[in-house]
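This is what each chain is made of:
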2 protein chains.
Amino acid sequence: MAKRPGSRRRTIKDVAAEANVAISTASLALNGKGYVSQDTRKRVLEAAKRLDYVPQPAARQLVTQETGNVGFVLRADHFTRSEPFYTRVFLGAEFEAEQHDRYVLLATIPEQYVPGEHSPRFLRQRNVDGILVAGKVAPAFLAEVEASGLPVVLIDFEKDHLPNVVVDNQAGARSAVDHLLGLGHQRISFVGADMEHPAVASRLDGYRLALSAAGLPSDPSLILAKSGGNPDRETGKQLGERLLALEPRPTAVFCVNDATALGVLDTAKKHDVSVPRSLSIIGFDDVTGAQTSIPSLTTVRVYKEQLGELALRYLAELMGGAEQHSDRYQRGFHDIKLPTELVVRNSTARREGDHE
Amino acid sequence: MAKRPGSRRRTIKDVAAEANVAISTASLALNGKGYVSQDTRKRVLEAAKRLDYVPQPAARQLVTQETGNVGFVLRADHFTRSEPFYTRVFLGAEFEAEQHDRYVLLATIPEQYVPGEHSPRFLRQRNVDGILVAGKVAPAFLAEVEASGLPVVLIDFEKDHLPNVVVDNQAGARSAVDHLLGLGHQRISFVGADMEHPAVASRLDGYRLALSAAGLPSDPSLILAKSGGNPDRETGKQLGERLLALEPRPTAVFCVNDATALGVLDTAKKHDVSVPRSLSIIGFDDVTGAQTSIPSLTTVRVYKEQLGELALRYLAELMGGAEQHSDRYQRGFHDIKLPTELVVRNSTARREGDHE
DNA sequence: CTGAAAGCGCTTACAG
DNA sequence: CTGAAAGCGCTTACAG
């Protein structure tokens, strides 16, 4: 088990010798390629196990001209924000990569990306076979990735015709607002920021669809949005102030994510507005903090690990399939949309005075 | 810039041809090794730049028998907890690795580690030249790492005589308690969990030292500790209840970290105990949530990125220096201790009724 | 079905 | 100071 100093690493040569076959036969047997008799294969596999043989990645990489790595890129501020959304996405990707016997190289880039300066090293060195990009990033970065010619899959973000794996934001938002409607609410506000973000835009669409499907007018004054900026807790606090100042005050609010929802909750507490009695609040994402807030937050759960898993699987398909398929037929990129799940907790309740 | 399909990757052969030298000379010039004339070196470097040459890591790895990678291991629950402490440590290590032209491979392990089953893949495949371990991990894992013979540096944790980079927990705790003493507090409680954790134990030491240096007795009933478990927000809430029940009630509390401090704050709010008027609370770490809580949290700042940076630099020394030094003289491992910084915010105040 | 040989792109003694 | 050659550990045509 332990590699004592001096116990040279085993090579395929050792395995071949041990199994009494040529190196090439050992390679074939080990990789399950070509024609190798049952008996020989078994002998080789046993020899490998007996010698505790582990192939050296570098040697294979040199001949196959593949690196065995995939890059995972996200903005540093997304990686270190207090609720670990993309961290979980990363873990999902890493888990799936393990199944494909690939390593994931993580790189963070700043929000304000400058191509030459901030390029991930694995891009410059071409030390990956494909790239996952999580969340919103600067267009300049995506342009650089596209120019590299490497296969890429976006996660939780969309851009042009790049392959992506996203959450079904519209359906999720709709289920959230339907939940509020079902509780008798009619005056339902929307709180959000970064409205150009595709996910945010889709959630707003879902909000509107739910209202119109219920025959309710869409009142623009109920839509509270900071056009720029990020949908974080601070933004939630600020928009919460505007929400509470509305006349008449909405009885419920759909927030574009949990962070803003928690911010609105902060503001409600500050003004002694009881949640959920006087104001129902619903978020989106189901981050850890949604369970521990007081009251706990009703929200729309996103399966974060699964986002990463599916993205890596998709990327593997793009990487592996490239040579095999490109000549046979044209492959269209497809978008993958992950369903969400409504999680009802204690921040939403039947509208005061409403009787079913 | 863009790698158009068909524009084969440049190799050292291309560079040598372009510069009119032998491959070996090109290699020497590129790596700044051996004797190469000024003029030749310049010609090679220019040729490389002109051709946009990037060495292929796999080829070098094959001959040097180094992987160019370092492993970064931490517990999954530490990675995904809501405040990104180790995420920042990782970023610091990754940043420093870039300077050393190395890649960082991240692996998470479960709290309950089972050697065969949960071993990081890069350990099994020996695809790293050294390992960083962040935070507390199962002894079984450390045993496995030691058995591998790979150089290792622990971060924010200590075990036997393994090299480590830690925070100066004792001095930090002492500065925290000194701060409270300076505000006139005498009855100061300690809140913590996982008391066997070296960092936790050191913080308790610091607490005791500060009290005894001030000539105050150390009252065991003031030390509130959950022996097992993790020092998280939930624990803080629970111990907060015990704290408020003490007779007479302490006027200040030093919490072993920010998470427990925020938990105590939750409980204080629940019982309408005004912070800092009736109770001063101080934490440790300075996580993001310490700035945004109401009131904001006085705490002891830990330089998280720097922990990672220093650890990687230390590891690089162990990896690179191994062959060069081992025969010449014995090198002792040294511990690296990072100073902290007291950050005074709004959760601590002069003791009620105390006059300077 | 199996073996001998070439070659991936580098680095490193070794001659000169 | 520079070049020719060997070799790192694999995979992959190509013979047989």
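Residues numbered from 1 in each chain as written. Chains lettered and ligands numbered in written order. Predicted model: local features only at pLDDT ≥ 70, side-chain atom pairs only at ≥ 80, totals over all residues. Heavy atoms only, no water.

Our next topic: the domain arrangement of chain A. Residues and elements named next belong to chain A. Taken as a whole, chain A is organised into domain 1 (12–55), domain 2 (69–165 + 306–337) and domain 3 (169–302). Taken over C-alpha atoms, the centre of domain 2 sits 30 Å from the centre of domain 3. At the junction of the two partners, domain 2 supplies 12 residues and domain 3 supplies 11 residues. Contact between domain 2 and domain 3 buries roughly 840 Å² in total, counting both sides, with carbon and sulfur atoms accounting for 50%. By the criterion of area lost to domain 3, the three top residues of domain 2 are Glu 83, Phe 85 and Lys 136, representing 51% of everything that side buries. Across the pair Asp 194 and Lys 136 runs a salt bridge whose closest N-O atoms are separated by 2.8 Å. The tally of links from domain 2 across to domain 3 stands at three residue pairs in polar contact (both at pLDDT 80 or more). In terms of residue class, the side of domain 2 that touches domain 3 is built from four nonpolar, no polar and eight charged. (Domains from an automatic or database assignment. Contact = heavy atoms within 4.5 Å. Buried area = accessible area lost by both parts, 1.4 Å probe. Salt bridge = Lys/Arg side-chain N within 4 Å of Asp/Glu carboxyl O. Polar contact = N/O pair within 3.5 Å; in protein donor to acceptor, adjacent residues only side chain to side chain. Nonpolar A, V, L, I, M, F, W, Y, C, P; charged D, E, K, R; others polar.)

Bringing the protein's contact with DNA strand C into the picture now. Within the structure, DNA strand C sits among 26 residues, and Thr40(A), Ile12(B), Ser27(B), Lys33(B) and Arg60(B) are positioned closest to it. For DNA strand C, the backbone portion of the atoms within 4 Å of the protein, that is sugar and phosphate, comes to 71%. A distance of 3.4 Å separates a phosphate oxygen of DNA strand C from a polar backbone atom of Gln56(B). Broken down by secondary-structure element, the contributors of at least two residues to the surface near DNA strand C are α2 (23–31) and α4 (57–64) of chain A together with α2 (23–31) and α4 (57–64) of chain B. When residues in the surface near DNA strand C are grouped by element, the largest group, five residues, is from α2(B). The class makeup of the residues in the surface near DNA strand C is 14 nonpolar, 10 polar and two charged. (Near = heavy atom within 4 Å. Helix = DSSP H or I, 4+ residues; strand = E, 2+ residues; numbered from the N terminus.)

So, about unusual backbone geometry. Across the junction of Val275(A) and Pro276(A), the peptide omega takes the value 10 degrees, indicating a cis bond. Put simply, Glu247(B) and Pro248(B) share a cis peptide bond, and its omega is -10 degrees. Mapping Pro248(B) onto the fold places it in the loop between α12 (233–245) and β8 (252–255). Of note in this structure, Arg126(A) is not a glycine but carries a positive phi near 50 degrees. Tracing the chain through its elements places Arg126(A) in the loop between α8 (121–124) and β3 (130–134). Given a relative accessible area of 23%, Arg126(A) falls into the partly exposed group. For Asp194(A), which is not glycine, the phi torsion reads 55 degrees and is therefore positive. Residue position: Asp194(A) is located in the loop between β6 (188–193) and α11 (198–213). For Asp194(A), a relative accessible area of 5% puts it in the buried group. (Buried < 20%, exposed > 50% of the residue type's maximum accessible area, 1.4 Å probe, protein only.)

Our next topic: the protein's contact with DNA strand D. Contacts to DNA strand D come from 26 residues, most closely from Ile12(A), Ser27(A), Lys33(A), Tyr35(B) and Thr40(B). Taking Asn31(A), its side chain carries an N or O atom lying 3.1 Å from a phosphate oxygen of DNA strand D. A distance of 2.9 Å is found between a phosphate oxygen of DNA strand D and a backbone nitrogen or oxygen belonging to Ala22(B). Mapped by element, the contributors of at least two residues to the surface near DNA strand D are α2 and α4 of chain A together with α2 and α4 of chain B. With five residues, α2(A) is the largest single contributor of residues to the surface near DNA strand D. By residue class, the composition of the surface near DNA strand D is 14 nonpolar, 10 polar and two charged.

Our next topic: the nonpolar core. Core analysis: the biggest nonpolar cluster contains 143 residues, and Phe72(A) and Phe72(B) have the highest contact counts within it. Leaving out residues up to four positions away in the same chain, Phe72(A) has contacts with Tyr86(A), Val89(A), Phe90(A), Ala93(A), Val104(A), Leu105(A), Leu106(A), Ala107(A), Phe122(A), Leu132(A), Ala134(A) and Ile155(A). Counting 42 residues, the second largest nonpolar core, distinct from the first, contains Phe141(A), Leu142(A), Val133(B) and Leu154(B). (Core = buried A, V, L, I, M, F, W, Y, C linked by side-chain atoms within 4.5 Å.)

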